[in-house]
Amino acid sequence: MKTMNLKRVKLLTLAIIMSIPAFAQDSFEIIPSVDIVSKYVWRGTDNSPASVQPALTAAYKGFSLELWGSTDFTTAVKEFDITLGYEINGLSLAVTDYWWTEGEGTRYGDYTNNHAFEGTIGYYFGDNLPLSLTWSTMFAGGLDKERDGDLDYSTFIEATYDFSVKGIDLTAGIGVSPWTGMYHRPGTSGFALSTVSLRAQKAIRITDSFSLPVFIECYTATISDRWLPCNPFA
């Protein structure tokens, strides 16, 4: 996951989301879901090929606890994240524990080497101005360290804007990294334009009571050392 050289990377990601309705009781919700994606891209980084990504979220009065995982169908790349969040009046705060593994022998319990911890603050301006701003910074864990052991404090700042065209929900986004970190290609430093993205989503009606949301996400990224494949099924 390691951009400033404006070598453009174009990526098309196709995903199908299958969601199960939430179970609500006295404002407490349990929300299970699963995504099936043709390629897993995170903040402009090509993480893995076609993957299944289950999630389970518990929410109560603005507080939320989300368990999220990802595993691909062809390699040993896996991820498991735990996010504790709070939201009020458009303001959101979150702390996330990321765990990645690319092969056997990577223990989940090895927090010193195999985890990264991140704090996020965000604000949504509302339906009249559907703009979202988020600032996310890694603050602990071995996955965000230099060889000398110092933390990078890798930071990703993103702005997204929601709009609709002919019944299709669209989200345009831009992400930057203000200083050197995991969002940079080796040998680059300083401020980096990391991603420019466009996401299109539409719910396909299956029956009168069930719809299947489908989304396509296109990325231009500057993180990778190579051109990412444009074929969503590659």
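Residues numbered from 1 in each chain as written. Predicted model: local features only at pLDDT ≥ 70, side-chain atom pairs only at ≥ 80, totals over all residues. Heavy atoms only, no water.

What follows covers the overall build of the protein. Counting secondary structure elements, the protein contains 1 helix and 13 strands. Listing every helix and strand of the protein by position from the N terminus yields β-β-β-β-β-β-β-α-β-β-β-β-β-β. Per-residue burial for the protein yields a buried fraction of 37% across its 234 residues. (Helix = DSSP H or I, 4+ residues; strand = E, 2+ residues; numbered from the N terminus. Buried < 20%, exposed > 50% of the residue type's maximum accessible area, 1.4 Å probe, protein only.)

For any pair of aromatic rings, the description consists of the separation of the ring centres together with the inter-plane angle of the planes. Taken as a whole and judged by the stated rule, the model has 13 aromatic pairs. With a centroid separation of 5.3 Å and 5° between ring planes, the pair formed by Tyr-98 and Trp-100 is classed as stacked. Side by side, Tyr-98 and Trp-100 carry an identical accessibility label, which is buried. Members of the aromatic cluster, joined through ring pairs, are Trp-42, Tyr-98, Trp-100, Phe-156 and Tyr-183. (Phe/Tyr/Trp six-rings, centres within 6.5 Å; stacked < 30°, edge-to-face > 60°.)

One can find Ser-136 in strand β9 (residues 131-140). Side-chain polar atoms of Ser-136 contact the side chain of Thr-120, separated by 2.8 Å. Apart from the residues within four sequence positions on either side, Ser-136 is in contact with Arg-43, Glu-118, Gly-119, Thr-120, Ser-154, Thr-155 and Phe-156. (Polar contact = N/O pair within 3.5 Å; in protein donor to acceptor, adjacent residues only side chain to side chain. Contact = heavy atoms within 4.5 Å.)

With that settled, the discussion passes to empty space enclosed by the protein. Space inside the largest cavity adds up to approximately 30 Å³. Looking at the largest cavity, the residues that line it are Tyr-40, Asn-47, Ser-48, Ser-70, Thr-71, Asp-72, Val-77, Lys-78, Glu-79 and Trp-100. Going through the elements one at a time, β4 (45-60), β5 (63-72) and β6 (78-88) are the ones with two or more residues in the lining of the largest cavity. With 3 residues, the single largest contributor to the lining of the largest cavity is β5. Here the lining of the largest cavity is built from residues that sort into 3 nonpolar, 4 polar and 3 charged. (1 Å grid on protein atoms, 1.4 Å probe; cavity = no way out; pocket = protein on both sides within 12 Å on 5 of 7 lines; lining within 4 Å. Points joined across faces, edges and corners; volume = space filled by probe spheres on them. Nonpolar A, V, L, I, M, F, W, Y, C, P; charged D, E, K, R; others polar.)

Moving on, we get to the nonpolar core. Residues Trp-42, Tyr-98, Trp-100, Met-138 and Tyr-183 are the most contacted members of the largest nonpolar core, which totals 13 residues. It is strand β3 (residues 28-42) that provides the largest number of residues to this core, a total of 3 residues. (Core = buried A, V, L, I, M, F, W, Y, C linked by side-chain atoms within 4.5 Å.)

Moving on: unusual backbone geometry. Phi is positive for Lys-61, close to 50°, though the residue is something other than glycine. Examined against the element boundaries, Lys-61 turns out to sit in the loop between β4 and β5. Even without a glycine there, the phi angle at Tyr-153 is positive, about 50°.

In this section: the environment of Ser-177. With respect to the element layout, Ser-177 can be found in strand β11 (residues 168-177). In this structure, the C-alpha to C-alpha distance between Ser-177 and Thr-137, residues 40 residues apart in sequence, is 9.9 Å. Excluding residues that lie within four positions of it along the chain, Ser-177 makes contacts with Thr-155, Tyr-183, His-184, Gly-190, Phe-191, Ala-192 and Ser-194. At a separation of 3.1 Å, a polar atom in the side chain of Ser-177 contacts the main-chain carbonyl oxygen of Thr-155. At a separation of 3.1 Å, a polar atom in the side chain of Ser-177 contacts the main-chain carbonyl oxygen of Trp-179.

A separate point is the confidence of the model for the protein. For the protein, the average pLDDT comes to 80, and 81% of its residues sit at 70 or higher. Mean pLDDT across the elements of the protein ranges from a minimum in strand β1 (residues 9-19), with 44, to a maximum in β9, with 97. Contacts for the low-pLDDT stretch residues 1-25, under 50 throughout, to residues beyond four places or in other chains number 108 contacts. Segment residues 224-234: pLDDT under 50, and 32 contacts once partners within four positions in sequence are set aside and those in other chains are kept. (pLDDT = per-residue confidence, 0-100.)

This structure, assessed with the given rule, holds 1 salt bridge. We note a salt bridge from Arg-43 to Glu-118, for which the minimum N-O separation is 2.7 Å. You can see Arg-43 sitting in the loop between β3 and β4 and its partner Glu-118 sitting in strand β8 (residues 115-124), a full 75 residues away along the chain. For the pair shown, Arg-43 and Glu-118 are each scored as buried. (Salt bridge = Lys/Arg side-chain N within 4 Å of Asp/Glu carboxyl O.)

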